[in-house]
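Residue strings, one per chain:
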Amino acid sequence: MDLHYLEVTELADLLRRRQITSVEVTRALLDRIDSLDGRLASYVRTLHSDALRAAEAADADIASGRYRGLLHGVPLGVKDLFWVKDVPAAAGTMIHRDFVPDEDATAVARLKEAGAIVLGKLQLTEGAYSDRHPAVTPPKNPWNEAYWPGISSSGSAVATAAGLCFGSLASDTGGSIRWPCSATGLTGIKPAWGRVSRFGVFELAASLDHVGPIARSAADVAAILAAIAGPDDNDPTTIAEQFPVGPASTEAGIRGLRLGIDARWNSADVDPSVQHVLDEAQYVFGALGADVIQVVAPDVTQAVIDWAPACALEAAVAHRSTYPSRKDEYGPVLASVLDAGHAIAAVDYQAIRVRRMQLRGRFAHQFRSIDMLLMPVQPFGPLTLAEINALGTRPDLILKLQRYTAPFDLTGHPTVVLPGGFSEQGLPIGFQLAGRCETTLLRAAIAFQRQTAWHKRHPIP
């Protein structure tokens, strides 16, 4: 297998046994970025010198017996809304293009503590909302440049899928880990809200923003999540308990786990290619010993409608120091969202909050009778860029796109996304598992990928 497409767990074994050095791996990926990323546009910038110095230090530690674990010496990428000390962090905007933080985001600091190598900063949409700033070149889907690479975490997904890093940090407010993973054949997790610190991460909508990893396999995602999760005094909204993810908790198999299927929700106005992926996934989980249970999921129709005004109001709060005072520096899409946020009445927002609490409770009650819920990432097959551009004139299609993602940003429940098949055009199609516990979802994801090989297919040599 090509070095650049090794999984984190495979590379970690080579590094630990000193069959390859971190410097060799880091140089190889920097060369690959130089060769391919002029076309793919996934990186805002690479940290060439810093990455090589960190790789040299990792090699020295490993040679001296100071091995820190699976991420030690492994090159990863970081979405450009995470602070990296002394490195510009524009968050896809022009308004922040000159901002240089004097400390690392907590998630970045924890990656470094684990010995990971930060290769560079990855491109995103403006402020992590739905569209890029007009001055920013959008990342290209390495499977087919005419197709959508997902939304704000698209740079993280494109770089990981194309072998330009071994995994990446990303964020999800309405679907921005799950859509890019599905579009590029990757595995990712939107952890429970508060599981990973948001300190040092540019805010889009504080109560909706989730920080999580993107990688090639569920085992890799588990390794990265284990490094970055946990309470943080700098972010009082983090979950107070330590996060006990590890091999013992994620590799136990899934016999006896209860897999919920809402056949009506999963098939209503869902493309046949997506339905086929769900049917095949259900079969694999059943063969692995999961108990398949027919359920009726809570109605999310109003929740999907509520997501946009909730996000807009919270985004207006996040940008209040620069908007509307510097409106001319914003792109048209984000500006229109902030205007909408300023226009929302307090009583309307309170009604949204109450409905949101009720939805969270309904799913929490459902997850008492099942361990996980299987569903699409999106009801469409892979979308072309032309189709995505047309969504802006079709609000009904936007709501359809968000049907399976936005509700779990509103409730804060964790979801994992996995590749489960391909379209007739050769584009990846993913599916989701949602539940109350990341460890259970990762157990199921790892078991699924031991029996399937969708995650081992790659877009370019």
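Look up a bit, the structure's there.
**A few points about helix α11 (residues 301–318)**
Then, number 1: With 18 residues, α11 extends 27 Å between its outermost C-alpha atoms, agreeing within 8% with the 26 Å of an ideal straight helix rising 1.5 Å per residue.
Then, number 2: Along α11, the largest kink reaches about 30° and is centred on Trp307; proline Pro309 follows within four residues of it.
Then, number 3: Those residues of α11 lying buried are Ala303, Val304, Asp306, Trp307, Ala310, Cys311, Ala312, Leu313, Glu314, Ala315 and Ala316.
Then, number 4: Where α11 is buried, its residues touch α12 (332–342), α13 (346–369), α15 (395–401) and α16 (406–411).

**Notes on the packing of aromatic side chains**
Then, number 1: The final tally for this structure, using the stated rule, is 14 aromatic pairs.
Then, number 2: Aromatic pair Tyr129 and Trp307: ring centres 6.2 Å apart, planes at 15°, arrangement stacked. Highlighted residues: Tyr129 in the loop between β3 (117–122) and α5 (154–161) and Trp307 in helix α11, separated in sequence by 178 residues. Pair check on accessibility: Tyr129 and Trp307 agree, each one buried.
Then, number 3: Ring centres 6.2 Å apart and planes at 85° place the aromatic pair Phe285 and Phe431 in the edge-to-face group. Note that Phe285 is positioned in helix α10 (residues 272–287) and Phe431 in strand β11 (residues 428–434), a separation of 146 residues in sequence.
Then, number 4: For Phe431, a relative accessible area of 0% gives the class buried.
Then, number 5: A connected cluster of aromatic rings, assembled from ring pairs, spans Trp83, Phe99, Phe199 and Phe202.
Then, number 6: Note that Arg32 overlies the ring of Tyr5, its terminal NZ or CZ placed 5.5 Å from the centroid.
Then, number 7: The lysine or arginine in question, Arg457, covers the ring of Phe422, its NZ or CZ lying 3.9 Å from the ring centre.

**With respect to the layout of surface pockets**
Then, number 1: Empty space within the largest pocket amounts to approximately 1000 Å³.
Then, number 2: Forming the boundary of the largest pocket are 46 residues, of which Ser130, Asp131, Trp148, Ile151 and Ile388 lie nearest the centre.
Then, number 3: Put simply, the parts of the chain that give the lining of the largest pocket at least two residues each are α11, α12, α14 (385–391) and α15.
Then, number 4: For the lining of the largest pocket, the element with the highest residue contribution is α11, accounting for six residues.
Then, number 5: Across the lining of the largest pocket, the residue classes break down as 28 nonpolar, 14 polar and four charged.
Then, number 6: The residue makeup of the lining of the second largest pocket, split by class, is ten nonpolar, eight polar and four charged.

Calculation criteria
- Residues numbered from 1 in each chain as written.
- Predicted model: local features only at pLDDT ≥ 70, side-chain atom pairs only at ≥ 80, totals over all residues.
- Heavy atoms only, no water.
- Helix = DSSP H or I, 4+ residues; strand = E, 2+ residues; numbered from the N terminus.
- Expected span 1.5 Å × (residues − 1).
- Bend = angle between axes of the 7 residues up to and from the residue.
- Buried < 20%, exposed > 50% of the residue type's maximum accessible area, 1.4 Å probe, protein only.
- Contact = heavy atoms within 4.5 Å.
- Phe/Tyr/Trp six-rings, centres within 6.5 Å; stacked < 30°, edge-to-face > 60°.
- Lys NZ or Arg CZ within 6 Å of the ring centre and 35° of its normal.
- 1 Å grid on protein atoms, 1.4 Å probe; cavity = no way out; pocket = protein on both sides within 12 Å on 5 of 7 lines; lining within 4 Å.
- Points joined across faces, edges and corners; volume = space filled by probe spheres on them.
- Nonpolar A, V, L, I, M, F, W, Y, C, P; charged D, E, K, R; others polar.

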